[in-house]
Amino acid sequence: KQTFEMVGTALFMLPWFRYIGFALLFLAVPLAYESVRRKVNQRVLYVNGKVEKLDHKTLKFWMQAKAMGSKLIIGFADKKTDMILNACACSCVDEVVAEAPEKLDLMFLEKQNINYVITSAGEPQFVTDEVVNAGRCLVLGEDGVTRLFKLKEEDKKD
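This is a predicted model, so every value here is computed, not measured.

Asks: Could you give me a rundown of the overall build of the protein, with the residues and numbers involved?
Replies: From N to C terminus, the protein includes seven helices and six strands. For the protein, the residues scored as buried account for 32% of the 158 residues in total. The contacts in the protein between residues at least 6 apart in sequence include a share of 47% that link residues at least 24 apart.

Asks: Describe the side chain of asparagine 48, with residues and values.
Replies: By the element assignment, asparagine 48 lies in strand E1 (residues 44-48). Judged by its relative accessible area of 15%, asparagine 48 falls in the buried class.

Asks: Outline the environment of alanine 121, listing residues and values.
Replies: Residue placement: alanine 121 occurs in the loop between strand E4 (116-120) and helix H6 (129-133). With 28 residues separating them along the chain, alanine 121 and phenylalanine 149 place their C-alpha atoms 9.5 Å apart. When residues no more than four places from it in sequence are discounted, the contact partners of alanine 121 are Val139, Leu140, Gly141 and Glu142.

Asks: Now, about the pattern of salt bridges: what can you tell me, with residues and values included?
Replies: According to the stated counting rule, one finds five salt bridges in the structure shown. The closest approach of N and O atoms between lysine 71 and glutamate 95, which form a salt bridge, is 2.9 Å. Linking lysine 71 in strand E2 (residues 71-75) with glutamate 95 in strand E3 (residues 95-97), this pair joins segments that are 24 residues apart in sequence. Look at lysine 71 and you get partly exposed, because its relative accessible area is 29%.

Asks: I'd like a description of the pairing of strand E5 (residues 137-140), backed by residues and values.
Replies: Side chains of E5 alternate between two faces, with Cys137 and Val139 and Leu138 and Leu140 buried alike. Pairing of E5 with strand E6 (residues 146-148) involves three bridges; the strand directions are antiparallel. Bridge assignment links leucine 138 to a residue of E6, and that residue is leucine 148. Following E5, the chain reverses through five residues before pairing antiparallel with E6; glycine 144 in that reversal takes a positive phi of roughly 85°.

Asks: Any details on the sheet that holds E1? Residues and values, ideally.
Replies: Read across the sheet, six strands follow the order E3-E2-E1-E4-E5-E6 without closing on themselves; strand pairing throughout is mixed. At either margin of the open sheet sits one strand with a lone partner, and together these are E3 and E6. Pairs of neighbouring strands in the sheet enclose a mean axial angle of 30°, with direction left out of account. Across the sheet, helix H3 (residues 56-67) is in contact with E1, E2, E4 and E5; its angle to E2 comes to roughly 140°.

Asks: Quick rundown of unusual backbone geometry? Include the residues and the values.
Replies: Residue asparagine 113 is not a glycine yet carries a positive backbone phi of 60°. Tracing the chain through its elements places asparagine 113 in the loop between helix H5 (106-111) and E4. Accessibility expressed as a relative area gives 56% for asparagine 113, which makes it exposed.

The rules we used
Residues numbered from 1 in each chain as written. Predicted model: local features only at pLDDT ≥ 70, side-chain atom pairs only at ≥ 80, totals over all residues. Heavy atoms only, no water. Helix = DSSP H or I, 4+ residues; strand = E, 2+ residues; numbered from the N terminus. Buried < 20%, exposed > 50% of the residue type's maximum accessible area, 1.4 Å probe, protein only. Contact = heavy atoms within 4.5 Å. Salt bridge = Lys/Arg side-chain N within 4 Å of Asp/Glu carboxyl O. Pairing = 2+ DSSP bridges. Axes fitted to C-alpha atoms, helices over the stretch in contact; angles between N-to-C directions.

Okay, here's the thing in structure tokens:
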């Protein structure tokens, strides 16, 4: 967004390249709109903090989750004090819940004002079927694309 704005402004000032500069400035408008929309519409996201170690993959996942919303909450079901303190120290984490439930339900999400729960592709399900059916559980895939989490057919029959 800033690159389009800088180059577009520089080219807009030159008489021969005015139309190219205007086109670049015009391309920056949707990007600026998305940035403002993300700040205006509060979207609170929850990520399960059940990880063995805090490595670059975990930090990347948390940063990707933070980029999808305006507030990121990390929940820990067990009391790993060092992991909780490390999560508090991360710049992408806005809040840490130390005694989160093992399985998240809609009542917990409403109480904490959480809009969506983000999970990674290979992670076991830590939300109730009620949350999944409400469309509030998202899966961040290995390819970086977020999809709505859906129950498997055999899970629905049981």
